[in-house]
Amino acid sequence: NKIICQSDDMMNDLVENFKIKNNKLIKINNPVDFNFIEEKLENATKPESYREGYKNVVAIGNLSSRKGFDNLLKVFVKLKQHKVLLHILGDGRDREMLNQMKLNLGLENVIFHGVQKNPYPFLKFADLFVLSSRYEGFPNVLLEAGACGTYALANNCKGGIHEIIQPKINGEISDIENHEAFAAKIVEILKQNHDSEAIKNSIQSRFSKEMILEKYFEVFESIVSHR
C-alpha cells in the first residue's frame, strides 16, 4: 500500500531509478532512542585511549568502501602536526587494507578499536564525530552522536545528511574528497566550543523515538481507514 523511505534522497532514488509513483511513497526518518543511550551512559567514564592534551575525534562504522575510511585516513595525514587522535570503531572486510594503509601513511594518530559493545562513551567524550561515508541510507550514528551531545562533521554525500545536520548547531558538512579542506575544517571546529544541550535538542526535537513512532501509527491508520 505504501513504501516508507528514510530520507528525501531515498525517495528520489525510488522515483527516478525504480519509477515508483510519488503518491505511494512516504518519508519517515529513523528514530533515536534517547532513554536507551542515557542508560548506556550511566556512570560512563572517558575511554582510556583518549589522551589528555589531545583532541579526540571518533568515527564509527563497518570497515568497507561505502564508509569512506580510506579518505578519512588521507585527511589525517594532513593532521600529523596537530595533537589530534582519530578513534575508529567497527570491523569489516577492509580491516587489513585499512590497517596496512595506516602503516604505509605513518599514521600514529589513528587507533582502530574494533567493534565496541558500548560505543556511547566514545561518542560522549569525543571532541568531534566524523561521518566519512560515500553514501548512506539514513545514518543512525549521526543521530546517536547528536544524542550524546557531540558535534559532527559529515561528508557531503547522499542519504539524509542535510536533513540531520543543522549547520553551526549540531554539525557541519564538507567534501571529504578534498582532503586538505576537510582537515582544515576539523582543525577549525576543534578550536570552537559547542553547546552539547543545543546539539541534543536539535536531534531530540526532530528524531525522538516517540515522534517517529507517531508518524508510523498515522501511516498505518490511514491505510486501514482507506480499506
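Quantities reported herein were computed from a predicted structural model and do not represent experimental measurements.

Cut-offs applied
Every chain begins its residue count from 1, and numbering advances along the sequence as written. Local features in this predicted model are restricted to residues of pLDDT 70 or higher, and side-chain atom pairs are both shown and tallied only at a pLDDT of 80 or more, whereas totals for entire chains, interfaces and linings draw on every residue. Note that water and hydrogens are dropped before the side-chain values are worked out from all heavy atoms of the structure. Axis definition: a line fitted to C-alpha atoms, over the contacting stretch in the case of helices. Angles run 0 to 180 degrees between N-to-C directions. In this text, helices come from DSSP runs of H or I with a minimum length of four residues, and strands from runs of E with a minimum of two, each type numbered from the N-terminal end. Put simply, angles under 35 degrees are roughly parallel, angles over 145 are roughly antiparallel, angles from 65 to 115 are roughly perpendicular, and the rest are oblique. Rotating anticlockwise by less than a right angle from the far helix to the near helix defines a left-handed crossing, while the corresponding clockwise rotation defines a right-handed one. Note on contacts: a residue pair qualifies if any of its non-hydrogen atoms lie within 4.5 Å across the two residues. We call Asp, Glu, Lys and Arg charged. Ala, Val, Leu, Ile, Met, Phe, Trp, Tyr, Cys and Pro are nonpolar, and the rest, Gly among them, are polar. Burial classes: relative accessible area under 20% of the type maximum marks a residue as buried, over 50% as exposed, and values in between as partly exposed (1.4 Å probe, protein chains only). Any two strands with at least two DSSP-identified bridges between them are counted as paired. Here, a salt bridge means any side-chain nitrogen of Lys or Arg that lies within 4 Å of a carboxyl oxygen of Asp or Glu. Definition of a polar contact: a pair of N or O atoms within 3.5 Å, with one able to donate and the other able to accept a hydrogen when the atoms are protein atoms, and with sequence-neighbouring residues admitted only if both atoms are side-chain atoms.

On to the packing of helix α3 (residues 69-77) against helix α4 (residues 95-104), then. At a minimum axis distance of 10 Å, the contact between α3 and α4 shows a crossing angle of 15°. By the angle between their directions, the pair α3 and α4 is classed as roughly parallel. Where α3 crosses over α4, the handedness of that crossing is right-handed. Facing α3, whose interface residues are Phe 69, Asp 70, Leu 73 and Lys 74, α4 presents Leu 98, Met 101 and Lys 102. Among the residues forming the contact of α3 with α4, the class breakdown is 4 nonpolar, no polar and 3 charged.

This part covers the environment of Met 11. Residue placement: Met 11 occurs in helix α1 (residues 8-18). Excluding its chain neighbours within four sequence positions, the residues that come into contact with Met 11 are Cys 5, Leu 25, Ile 26 and Lys 27.

Right, let's talk about helix α6 (residues 140-147) for a bit. Here α6 lies mainly inside the structure; 6 of its 8 residues are buried. A positive backbone phi angle near 80° is found at Gly 149, which sits one or two residues after α6.

On the basis of which strands lie adjacent, the open sheet formed by 6 strands has the order β5-β4-β3-β6-β7-β8 and parallel pairing. Two strands lie at the open edges of the sheet, namely β5 (110-114) and β8 (171-174), each paired on one side alone. In this sheet, neighbouring strand axes are inclined to one another by 25° on average, regardless of whether the strands run parallel or antiparallel. Bridge count between strand β4 (residues 84-89) and β5: 4 bridges; the pairing is parallel. By the bridge assignment, Leu 86 is partnered in β5 with Val 110. On the sheet, α6 packs against β3 (55-60), β6 (128-131) and β7 (152-155) and is oriented at approximately 170° with respect to β6.

Before going further, it helps to spend a moment on the environment of Leu 98. For Leu 98, the location among the structural elements is in helix α4. Placed 10 residues apart in sequence, Leu 98 and Glu 108 show a C-alpha to C-alpha distance of 13 Å.

What the rule picks out here adds up to 13 salt bridges. The salt bridge involving Asp 70 is made with Arg 134; its shortest N-O contact spans 2.8 Å. Of this pair, Asp 70 sits in helix α3 while Arg 134 sits in the loop between β6 and α6; the two residues are 64 residues apart in sequence, bridging distant segments of the chain. Residue classification places Asp 70 among the buried positions, given a relative accessible area of 16%. Its relative accessible area of 32% is what places Arg 134 among the partly exposed residues. Measuring nitrogen to oxygen at the nearest pair gives 3.5 Å for the salt bridge that ties Glu 197 to Lys 200. Of this pair, Glu 197 and Lys 200 are both found in helix α9 (residues 196-207), 3 residues apart, which corresponds to roughly one turn of the helix. Here the salt bridges do not stand alone but share partners, grouping Lys 168, Glu 172, Lys 185 and Glu 188 into one network.

Turning our eyes to something else, we now look at the side chain of His 113. Residue position: His 113 is located in strand β5. In terms of polar contacts, His 113 uses its side chain to reach the side chain of His 87, at 2.9 Å. Not counting residues up to four positions away in its chain, the partners in contact with His 113 are Ser 49, His 87, Ile 88, Leu 89 and Phe 122.

No statement about biological role is implied by the geometric values presented.
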